[in-house]
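# Observations on the three-dimensional arrangement
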There are 2 protein chains.
Amino acid sequence: MAVKRRKNKALPPPQGCPLTQCMRLLGGAWTPNIIWYLRSQPRRFSELMADIPGVSPKVFTARLKRLEKDGILVRQVMPTSPPSVEYSLTNLGRELTPAIDAIVQVGHKLKRRYRG
Amino acid sequence: MAVKRRKNKALPPPQGCPLTQCMRLLGGAWTPNIIWYLRSQPRRFSELMADIPGVSPKVFTARLKRLEKDGILVRQVMPTSPPSVEYSLTNLGRELTPAIDAIVQVGHKLKRRYRG
DNA sequence: CTGTATCCTTGGCGATACTG
DNA sequence: CAGTATCGCCAAGGATACAG
């Protein structure tokens, strides 16, 4: 989209850069964790909330909405008696998992380094 | 068959969340790009600035300082006649490159997808 | 259960000018 | 050349209460 160049507005890093492109998707505060917990199976809203402690419902909803809009996951309302909603990764979302995996790998190394 | 998913815990949960640990390092606005441009060779301050257009020196310095403090890169003052400073990745920094690579790979896929 | 609605705070980011 | 100093903004994130 057209670059909005207001006063202090962000014009974030090199636009054409695939790095930036991708970081925009998983840059959100809880985004990588959401993808991580959805990687093997669909999860319901409260399940995800429980998986990722410390996030408020407002922020969580915002993240999920953005991820849905970006085509990373799909939201499906289940016709159960207590209404439930199931989130699952799309194919596009699944393409992000190698990157997440790589990040997790490095995370493990970091932990070892900082503790050892 | 119907997957029993109800109270089911998610994956082998990444304890202490290496994901978050790592994202904190490369979550900054220009951070992944800096690592990217340092991956193959050391670069000087203004070279990096030129590599990554649009960043102000203040922010750039802040990023570099934080990366140095986190042990991702090293800052070395060169005793040249016009003073110059060289930044290069540490071993720890080099361990981040697979993750960056993976992210870039996904970025390429995203570009293809969004452009048809 | 699955979210919205409000309100508030923070710190990350930006621009510009200046310095050793 | 390689940064600091100042100033300012605003959107992301958080807390809490409420709603369908």
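First, a word on scope: everything that follows refers to the structure included in this document. (Residues numbered from 1 in each chain as written. Chains lettered and ligands numbered in written order. Predicted model: local features only at pLDDT ≥ 70, side-chain atom pairs only at ≥ 80, totals over all residues. Heavy atoms only, no water.)

Glancing now at helix H4 (residues 57-69) of chain A. Residue and element names in this part refer to chain A. With 13 residues, H4 ought to run about 18 Å at 1.5 Å a step, and its terminal C-alpha atoms sit 18 Å apart, in line with that. Looking at H4, one finds that the buried residues are Phe-60, Arg-63, Leu-64 and Leu-67. Taken around the axis of H4, the buried residues stretch over an arc of 95°, which confines them to a single face. Away from its buried face, by an angle of more than 90 degrees, H4 presents the exposed residues Lys-58, Lys-65 and Lys-69. Where the residues of H4 are buried, they touch helix H1 (18-26), helix H2 (31-38), helix H3 (45-51), strand E2 (73-78) and strand E3 (84-89). (Helix = DSSP H or I, 4+ residues; strand = E, 2+ residues; numbered from the N terminus. Expected span 1.5 Å × (residues − 1). Buried < 20%, exposed > 50% of the residue type's maximum accessible area, 1.4 Å probe, protein only. Arc of directions from axis to C-beta. Contact = heavy atoms within 4.5 Å.)

What follows is about the relation of the copies chain B and chain A. Note on the copies: chain B fits chain A at an RMSD of 0.2 Å, the axial shift is 0.1 Å, and the rotation between them is 179°. The two molecules are tied by a two-fold rotation axis, judged by turn and shift. When the interface residues of chain B are mapped onto chain A, 76% of them are again interface residues, pointing to one common binding face. (Least-squares fit on C-alpha atoms with pLDDT ≥ 70 in both.)

What follows covers the protein's contact with DNA strand D. As a structural note, the neighbourhood of DNA strand D is formed by 20 residues, with Lys-58 of chain A together with Ser-46, Lys-65, Arg-75 and Tyr-87 of chain B the closest of them. Across the atoms of DNA strand D situated within 4 Å of the protein, the share located in sugar and phosphate is 66%. A distance of 2.6 Å separates a phosphate oxygen of DNA strand D from a polar side-chain atom of Ser-46 of chain B. In the model, a phosphate oxygen of DNA strand D is placed 2.7 Å from a nitrogen or oxygen of the Tyr-87 of chain B side chain. Here the surface near DNA strand D gets four residues from one element, more than from any other, and that element is helix H4 (residues 57-69) of chain B. Of the residues assigned to the surface near DNA strand D, the class counts are eight nonpolar, five polar and seven charged. (Near = heavy atom within 4 Å. Polar contact = N/O pair within 3.5 Å; in protein donor to acceptor, adjacent residues only side chain to side chain. Nonpolar A, V, L, I, M, F, W, Y, C, P; charged D, E, K, R; others polar.)

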